[in-house]
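An overview of the molecular structure
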Amino acid sequence: MRRSQEHDETKIDISEAHDRAAGIPGVTVALKRSMQHMGPRRSARTLRNLNQVDGFDCMSCAWPDPDPGQRHTAEFCENGAKAVAEEATTTRATPEFFAHHSIAELDRHSEHWLGQQGRITHPMIKKPGAAHYQPIEWDAAFQLIGEQLNSLTSPNEAIFYTSGRTSNEAAFCYQLFVRAYGTNNLPDCSNMCHESTSVALAETIGIGKASVTLHDVHAAQLLILAGQNPGSNHPRMLSALETAKRQGAKIIAVNPLREAGFVNFRNPQKARGLIGRGTDLADLHLQLKINGDLALFQAWGALLLEWNALDHDFIARHTRGFESWRAHLSTLDWDLVEATTGLSREEITEAAKLLRDSKRTVFCWAMGLTQHHNAVATISEIVNLALAQGNIGKPGAGLLPVRGHSNVQGDRTMGIWERPPAHFLDRLGSEFGFEPPRENGYDTVDAIRALRDGQAKIFIGLGGNFVQAAPDTEVTAAALRRAQLTVHVSTKINRSHLTCGTTALILPTLGRTEIDIQASGPQFVSVEDSTCSVHASRGPLPPASHQLRSEVAIVTGLAAATLGSRYGIDWQGMRGNYRQIRRHIARVVPGCESYEVNVSRPGGFVMPHPPRDSRTFPTKSGRAEFTVSTIAALQVPPGHLILQTVRSHDQFNTTIYGFSDRYRGIERGRRVVFVNPQDIEELGFHDGDLVDLVTHWEGDDHLRRAHAFRIVAYQTPRGSAAAYYPETNPLVPLDSTALGSNTPTSKSVIIRLQQAATGHSADPEPLHLS
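Now for a look at the structure at hand. (Residues numbered from 1 in each chain as written. Predicted model: local features only at pLDDT ≥ 70, side-chain atom pairs only at ≥ 80, totals over all residues. Heavy atoms only, no water.)

**Brief notes about the overall build of the protein chain**
Counting its regular elements, the protein chain contains 31 helices and 32 strands. A compact globule built from 770 residues would reach a C-alpha radius of gyration of about 27 Å, and the protein chain, at 25 Å, matches this within 12%. C-alpha atoms of the protein chain, sized along the principal axes, occupy 70 × 65 × 55 Å. Taken over 770 residues, the protein chain has a buried fraction of 66%. In the protein chain, once contacts between residues fewer than 6 apart in sequence are set aside, the share between residues at least 24 apart is 80%. In the protein chain, the 77 positive side-chain charges and the 81 negative ones have mean positions that sit 5 Å from each other. (Helix = DSSP H or I, 4+ residues; strand = E, 2+ residues; numbered from the N terminus. Rg over C-alpha atoms; globule rule 2.2 N^0.38 Å. Buried < 20%, exposed > 50% of the residue type's maximum accessible area, 1.4 Å probe, protein only. Contact = heavy atoms within 4.5 Å. Lys, Arg positive; Asp, Glu negative; His and termini not counted. Charge placed at Lys NZ, Arg CZ, Asp CG, Glu CD.)

**Looking at the pairing of strand β6 (residues 158-162)**
Of all five residues in β6, five are buried; the element is thus mostly enclosed. Side-chain alternation along β6 places A158, F160 and T162 on one buried face and I159 and Y161 on a second face that is also buried. The sheet contact formed by β6 and strand β13 (residues 458-462) spans five bridges and is parallel. Note that in β13 the partner of F160 across the bridge is I460. (Pairing = 2+ DSSP bridges.)

**With respect to the pattern of salt bridges**
Considering all chains together, one arrives at 43 salt bridges under this definition. In the salt-bridge network here, residues are joined through shared partners; they are R33, E78, K82, D650 and R662. (Salt bridge = Lys/Arg side-chain N within 4 Å of Asp/Glu carboxyl O.)

**Focus on the packing of helix α6 (residues 138-151) against helix α26 (residues 551-563)**
Closest axis-to-axis distance for the α6/α26 pair is 8 Å, and the angle between their directions is 55°. Taken together, α6 and α26 sit at an angle that is classed as oblique. The element α6 and its partner α26 pack so that their crossing is right-handed. Along its contact with α6, which presents W138, F142, Q143, I145, G146, L149 and N150, the element α26 presents A553, I554, G557, L558, A561 and T562. Residue composition of the contact of α6 with α26, by class: eight nonpolar, five polar and no charged. (Axes fitted to C-alpha atoms, helices over the stretch in contact; angles between N-to-C directions. Parallel < 35°, antiparallel > 145°, perpendicular 65-115°, else oblique. Left-handed = near helix turned anticlockwise from the far one by under 90°. Nonpolar A, V, L, I, M, F, W, Y, C, P; charged D, E, K, R; others polar.)

**Here we look at the sheet that holds strand β22 (residues 641-646)**
Here we have six strands rolled up into a closed barrel, ordered β22-β30-β27-β29-β28-β31, and mixed in their pairing. Sheet twist, expressed as the average angle between the axes of neighbouring strands with direction ignored, equals 45°. Here four bridges tie strand β28 (residues 690-696) to strand β31 (residues 749-755), and the two strands are oriented antiparallel to one another. Along β31, the bridge assignment pairs V691 with Q755.

**Describing the nonpolar core**
Counting 61 residues, the largest nonpolar core has I145, L149, F160, F172, Y174, F177 and Y595 as the members making the most contacts within it. With 10 residues, the top contributor of residues to this core is helix α7 (residues 168-181). Setting aside anything within four residues of it in sequence, one finds Y595 in contact with N168, E169, M414, S526, V534, R582, I585, A586 and F605. Counting 54 residues, the second-largest nonpolar core is a separate cluster that includes I252, F297, L310 and L343. (Core = buried A, V, L, I, M, F, W, Y, C linked by side-chain atoms within 4.5 Å.)

**Here's the deal with the side chain of T370**
Take T370: it is sitting in helix α19 (residues 367-370). Not counting residues within four places of it along the chain, the set of residues in contact with T370 comprises C193, H194, S196, T197, W365, A375, I379 and T743.

**Some details on helix α22 (residues 422-432)**
All of the buried residues along α22 are F424, L425, L428, G429 and F432. Axial view of α22: buried residues confined to an arc of 125°, hence all on one face. The first or second residue beyond α22 is G433, which carries a positive phi of 75°. (Arc of directions from axis to C-beta.)

Here's what the structure looks like:
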């Protein structure tokens, strides 16, 4: 069933989109949204505490904070302010709201409309056969979930999903509960985004995390940003890039779309940003074809070898496999490189010279690299470049996977992983007196398969909007509906609440912005950012409802109701005083010794990272590993395009703030597909035509279709297209995943355009082009 759009007609104006400065316009938008959702007093109370030493951590991206004493009064970006406004809204979704609106009625509304209904104020249940959610008391909810979990034939029939907003304390308790229950079925949102990074870095340098700090970004001579759009997805990163730029750094942007944040940035935190023309960030933009990154990086490697622009001492002391890599690149097929990247040899060489001449290079990347079939190989090739020039373990250099969710890295550190290392399980079992399960659990893709096939019967989601975040939306939704029980720990209504198992529960939780008081008094939680910095977070606002419980209280309540006194774990004690959780973390999680003391310091502490700290590499060989990969160009049939799914500037993951993607010239609409003008003409369409996006994956016989997208002529490489997710997630086949990481291939979906089916329209009003 088609869902209503709840907005005015789409307006498209890309004529000056690339020339609009990032930064300043966002201040006005952010303040307007804050006032609209929170009012002046709550806006001031929240925004002045956002990302401050004694405040709360932004629930949006995971960009690191400056050192204490160096933070601005307004230490936030436009999208961070939007995230706060969404959570701290004064609108409420009460039991009366759910009584008035059936599940079927709610499901007809857009994701944006659902989010605008406000904070959920009471635990809710949909009973078997019911059309509405109705209130349930907390103890009854916990008892029901515990009984259902204990009724399963095997613990492996339950799925325990985690979103990246979950705090370290809640994540630690959650994985403890799940493993004490008897399974490692702990999929998380990282499975769908940076899992390829985690796999590649673990294999090559021994640890799946960034090897740089914010200081290294500032001190770099060259920054390479591949497959990411910081202007919309990590806006505070632009300030760090500006600092580096003003200290003489060069910046190469590698991306199929030319994003506004790279063109001009006007920093709203500085006077020159307010009254000046801003800073042009990218010195060079390589607008390569989708999935041409591996070929590009191998070409750079071949040129570095040709020029002998290598750190021979580092290679000899710290690496293995260099000669194999050298031999592989000696036979590089430049015709294949040019065809795969869409770039000329001259363009590639120009960029490689910047890499050659730099003594300190930081490599940054995000989803544009991680969501391809060859993503692990591509990221490993970045590592090859860093190793070749010794750009790991020295100031101003290193590897920086930029995480897109505020504590997704911290959750993994705390043990949210379906494939936990043996040493972690050993320490967990020793601390709590039980033998944790050793069999690997389901990741996100395998969890969907298990639900689809009836091998899993219960789904519990700690945060997130699973059905909208996951690939192959129709398959995922059908899989969830097969469950006997679905449980979602949430702050606001989302699509997953309407994709119900036989019985469904919504458990409303405190947000980051809210005060958390337990039996021992006020509590704080902790989080980890993209650069391994761990710090405290304390919300300033009273809870949206007296019925809300913290994530820790919910998890420990579930655990107590399910496990009782099994293993003697003190769930009540951990719920009443989070210090007790942190004492356990200190004894179980490597690098978290003296956790309470360290995380309580202003600005927190930085987790150990052997490659960064001492140029030691905890791989099997004890050395950093060069790897050899084969370039395999995507095979695109005639009349087809490669689609990458992207965010609008007015969204965070699956949360839709509004309908303004102003940097790309799109207003009041989302169902658009960006296509090269020559491709539009060659395929027999016109700018503004209404089309369906259709894909047929060779792995099955299912024809996938996303209805009613407006063609927008845009400067993308030939054969490359882009459109917003989650609207395009139905096109991503569940079984099309990255080798080695099982991450969905959301950035390389082969599609064709088809005239839109009768009865569908992208917008409720005629399209206006201006």
